[in-house]
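# Structural characterization, general
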Amino acid sequence: MPCTITLSAIPGRKTHFGMTLALTGKSLDRKTIEVVSTVNDIRSAVADFGRAVHEAHPEESFYVSVSIAKGCRKPNGYDAADKNDGLGERTYLKMEETAPCPATR
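Computed from a predicted model, the values in this text were never measured in an experiment.

### Here we look at the nonpolar core
- If you look at the biggest cluster of nonpolar residues, it comprises 18 residues, and the most contacted ones within it are Ile5, Leu7 and Ile42.
- If you tally residues by element for this core, the top one is helix α1 (residues 39–56), at six residues.
- Among all residues touching Leu7, those that are not within four sequence positions of it are Asp29, Arg30, Lys31, Ile33, Ala45, Val46, Phe49, Val64, Ser65 and Val66.

Now the structure itself:
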């Protein structure tokens, strides 16, 4: 069943414990896609959107957030793909550089 999704590029970083996202700031870009039917459609849309944002902001580290419009049903397999990064949302997250502890110098 077709649905509408919104993709947002949220600045963030990978850490040794997971990831940190700048949820209160501005996203780097946002795009609404009117009709998607399968998880593969969403995966393809995330990849295309991520590439475009990366080309516009090559130095930025970001997470691609996928939001499904209210009233739309998620495609079969969406939850499993989302949980296991099967949509490619974390592709453009860079590892956070850790600073050495001043006490260990």
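### Considerations on the confidence of the model for the protein
- Here the protein averages 90 in pLDDT, and 93% of its residues register 70 or above.
- Element-level mean pLDDT values for the protein span from 87 in strand β2 (residues 18–21) up to 96 in α1.

### Points about the packing of aromatic side chains
- Inspection of every chain in the model, using the stated rule, returns one aromatic pair.
- Both rings, one in Phe62 and one in Tyr92, keep their centres 5.1 Å apart while their planes meet at 10 degrees; by these two values the pair is stacked. Of the two residues, Phe62 is situated in strand β4 (residues 62–68) and Tyr92 in the segment after α2 (78–83); the sequence distance between them amounts to 30 residues.

### Focus on the environment of Gly12
- Its place among the elements puts Gly12 in strand β1 (residues 3–15).
- By relative accessible area, Gly12 is classed as buried at 11%.
- Along the sequence, Gly12 and Ser61 sit 49 residues apart, while their C-alpha atoms lie 5.7 Å from each other.
- Once you skip the residues sitting within four places of it in the chain, Gly12 turns out to touch Thr20, Leu21, Ser61, Phe62 and Leu93.

Calculation notes
Residues numbered from 1 in each chain as written. Predicted model: local features only at pLDDT ≥ 70, side-chain atom pairs only at ≥ 80, totals over all residues. Heavy atoms only, no water. Core = buried A, V, L, I, M, F, W, Y, C linked by side-chain atoms within 4.5 Å. Buried < 20%, exposed > 50% of the residue type's maximum accessible area, 1.4 Å probe, protein only. Helix = DSSP H or I, 4+ residues; strand = E, 2+ residues; numbered from the N terminus. Contact = heavy atoms within 4.5 Å. pLDDT = per-residue confidence, 0-100. Phe/Tyr/Trp six-rings, centres within 6.5 Å; stacked < 30°, edge-to-face > 60°.

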